[in-house]
Amino acid sequence: MISVEEALSHIFDLVTPVDVETVPLAQAAGRVLAAPVRAKRTQPPFPASAMDGYALNGTEAEPHAMFKVIGTAAAGHGFDGHVGPGQAVRIFTGAPVPEGATRVIIQEDVTARGDMITLGDALDAGPHIRPAGNDFAEGATVEPPRRLTPADLSLLAAMNIPEVPVRRRPVVAIIATGDELVMPGEEPGPDQIIASNSFGLKALVEAEGAEARLLPIARDTKASLETVFGLAEGADLILTSGGASIGDHDLVGDVAAGLGMEQSFYKVRMRPGKPLMAGRMGTAAMIGLPGNPVSSLVCGHVFVRPALRAMLGLGAAPAPRHKAPLAAPIGANGPREHYMRAKITPEGLSVFDRQDSAMLSVLAEADALVIRPPHDGPRDAGETVEYLTL
Ligand code: AMP
Ligand code: MG
């Protein structure tokens, strides 16, 4: 058995960043930028008014000074002329500041009568003008790799970039295995249960930016598994769940090996999730997840998500760990790294009493996995522990 860290490093050896494709900006949310992008514009492209008011020469701005209003500048409709001595232009936010004007007096500080204005007796400092290039200059870059956020998309749009180079979505084939499984909505026989793992895994890989392919349930026969593995053709990553512990019906490893899978490891010193395997299958990486529903999703967070991030060009790094105090004491840990379901509360991390790797109801209540190192001693309330967010 190997450690979680070793297993993850083997998995990183199995994956490489996927190709780059170009997508319209409107489809780029959450995608991973794959090449530097350069601004095609300077923003603002001209000195722009930051307020509604009057543009004039700042050296003339004195309390009670009077100006003649010679025109209007609004957003999208600049004023063409020059602002000379004693003159002002009515201006609105976003309008180009006309030539000759160096300051905008906010309208609250002005009294207007006909085409004349008089400044008030206390003027704020101003100048309420955003210089050209205040935000960014033409040629400014947005650097990869970067998962594009809403703010990034607004920025790229402002840079006049209509489409962006991103990593294509890794294709993940998801295979559930077991004679006992039927799909949700079907009528299970007396010895059957509903196949649940694939649905959580699909959501998990999609949240990371992959495209999931839910394959039919493979039965616990060589022929059925071979058929379903065949349907995974073309995937970048193949995930199986179940059939991976030593038992008569645990065929996944054997069948995959028969189909040419080169196994990197089998079994990891962790809880839940011990019967994890991974290897290379043709051009795809294969991760054989445990069948227990909690184990399969915990391994999804600990191994599959980091693998997908590496495939998206975001680098080979474990799931980010955070630190927080425990809300209540917990007992000593055994020899395996334990990922304990917990809730984040104002008092700290509250670890659930029931940690059964088949209990989805507890996992669904949890929003964190507290990580216990092997042989970690008992911990008191208030002690700081590491955790992953779910
Ligand atoms: P296995 O590794 O195939 O022995 O599976 C371990 C446990 O997980 C068994 O109780 C299975 O019934 C259960 N299990 C396996 N696959 C799934 C699945 N896709 N959905 C729900 N439970 C599963
Ligand atoms: Mg099984």
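Read on for a plain summary of the structure. Keep in mind that this is a model prediction, so the values were computed, not measured.

So, the overall build of the protein
Then comes step 1: When its secondary structure is counted, the protein shows seven helices and 28 strands.
Then comes step 2: Its C-alpha radius of gyration of 31 Å places the protein more than 25% over the 21 Å reference for a compact globule of 390 residues.
Then comes step 3: C-alpha extents for the protein along the principal axes are approximately 95 × 50 × 40 Å.
Then comes step 4: In the protein, buried positions account for 45% of the 390 residues.
Then comes step 5: Considering only contacts within the protein whose residues lie at least 6 apart along the sequence, 68% involve residues at least 24 apart.
Then comes step 6: Just so you have it, the protein exposes about 18300 Å², and 52% of that area is on carbon and sulfur atoms.
Then comes step 7: If you average the places of the 33 positive and of the 46 negative side-chain charges in the protein, the two averages end up 2 Å apart.

What about the site of ligand 1?
Then comes step 1: Close to ligand 1 lie 18 residues; Glu180, Ser196, Gly243, Gly291 and Asn292 are nearest.
Then comes step 2: Residue Gly291 places a main-chain N or O atom 3.1 Å away from an oxygen atom belonging to ligand 1.
Then comes step 3: Within the complex, 77% of the 480 Å² of free accessible area of ligand 1 lies under protein.
Then comes step 4: Per-class residue counts for the shell around ligand 1 are seven nonpolar, nine polar and two charged.

Focus on the pairing of strand β25 (residues 337–345)
Then comes step 1: Bridge count between strand β21 (residues 270–271) and β25: two bridges; the pairing is parallel. Looking at β25, one finds that Arg271 is bridged to His338.
Then comes step 2: As judged from the five bridges shared by β25 and strand β27 (residues 368–372), these two strands associate in the antiparallel manner. From the neighbouring strand, Arg341 faces β27, where its bridge partner is Leu369.
Then comes step 3: Hairpin connection between β25 and strand β26 (residues 348–351): a loop of two residues separates the two successive antiparallel strands.

Brief notes about the sheet that holds strand β23 (residues 284–289)
Backbone hydrogen bonds are what pair the strands of a sheet, in a parallel or an antiparallel way.
Then comes step 1: Within the open sheet, the six strands sit side by side as β18-β15-β19-β23-β22-β20. Their pairing is mixed. Each edge of the sheet is formed by a strand with only one pairing partner; in this case those strands are β18 (211–214) and β20 (262–266). Strand-to-strand twist of the sheet, defined as the mean angle between neighbouring strand axes without regard to direction, takes the value 20°.
Then comes step 2: Along the sheet, helix α6 (residues 293–311) contacts β15 (171–176), β19 (237–241) and β23; its crossing angle with β23, the most-contacted strand, is approximately 165°.

Side note on unusual backbone geometry
Then comes step 1: Note that the residue after Gly126, namely Pro127, is joined by a cis bond; omega there is 0°.
Then comes step 2: With respect to the secondary-structure elements, Pro127 resides in the loop between β10 (116–119) and β11 (129–130).
Then comes step 3: Of note, the amide linkage connecting Pro144 to Pro145 takes the cis form, showing an omega dihedral of -10°.
Then comes step 4: Of note in this structure, Asn160 is not a glycine but carries a positive phi near 65°.
Then comes step 5: Here Asn160 falls in the partly exposed class, since its relative accessible area comes to 45%.

Focus: the nonpolar core
Then comes step 1: The biggest cluster of nonpolar side chains holds 43 residues, and the ones touching the most others in it are Val205 and Phe303.
Then comes step 2: Looking at this core, the elements with two or more residues in it are α1 (4–14), β15, α3 (197–207), β19, β23, α6 and β27.
Then comes step 3: Discounting residues that sit within four places of it in the chain, Val205 has contacts with Val172, Ile174, Ala210, Ala212, Leu239, Val304 and Leu308.
Then comes step 4: With 21 residues, the next largest nonpolar core counts Ala235, Leu251, Val255 and Met286 among its residues.

Considerations on the environment of Gly313
Then comes step 1: With respect to the helices and strands, Gly313 occurs in the loop between α6 and β24 (322–325).
Then comes step 2: Sequence spacing of Gly313 and Glu99 is 214 residues, and the spatial spacing of their C-alpha atoms is 48 Å.
Then comes step 3: Setting aside residues up to four positions removed in sequence, Gly313 forms contacts with Pro17, Pro145 and Arg167.

What about α3?
Then comes step 1: Among the residues making up α3, those that are buried are Asn197, Ser198, Leu201, Leu204 and Val205. Along the axis of α3, the buried positions cluster into a sector of 125°, meaning they face one direction only.
Then comes step 2: In this fold, the buried residues of α3 make contact with β15, β18, β19, β23 and α6.
Then comes step 3: Two residues or fewer after α3 comes Gly209, characterised by a positive phi angle close to 105°.

Some thoughts on the sheet that holds β10
Then comes step 1: Sheet architecture is open: six strands sit in the order β8-β5-β7-β6-β10-β9, paired in mixed fashion. The two strands at the open ends of the sheet, each matched to only one other strand, are β8 (103–106) and β9 (110–113). The mean inter-strand angle of the sheet, taken between neighbouring strand axes irrespective of direction, is 40°.
Then comes step 2: Summarising the sheet, β9 and β10 pair through four bridges and their orientation is antiparallel. Opposite Val110, over in β10, you have Leu119 as the bridge partner.

Cut-off values and rules
- Residues numbered from 1 in each chain as written.
- Chains lettered and ligands numbered in written order.
- Predicted model: local features only at pLDDT ≥ 70, side-chain atom pairs only at ≥ 80, totals over all residues.
- Heavy atoms only, no water.
- Helix = DSSP H or I, 4+ residues; strand = E, 2+ residues; numbered from the N terminus.
- Rg over C-alpha atoms; globule rule 2.2 N^0.38 Å.
- Buried < 20%, exposed > 50% of the residue type's maximum accessible area, 1.4 Å probe, protein only.
- Contact = heavy atoms within 4.5 Å.
- Areas by Shrake-Rupley, 256 points an atom, 1.4 Å probe, with all protein chains shown as cover.
- Lys, Arg positive; Asp, Glu negative; His and termini not counted.
- Charge placed at Lys NZ, Arg CZ, Asp CG, Glu CD.
- Near = heavy atom within 4 Å.
- Polar contact = N/O pair within 3.5 Å; in protein donor to acceptor, adjacent residues only side chain to side chain.
- Nonpolar A, V, L, I, M, F, W, Y, C, P; charged D, E, K, R; others polar.
- Pairing = 2+ DSSP bridges.
- Axes fitted to C-alpha atoms, helices over the stretch in contact; angles between N-to-C directions.
- Core = buried A, V, L, I, M, F, W, Y, C linked by side-chain atoms within 4.5 Å.
- Arc of directions from axis to C-beta.

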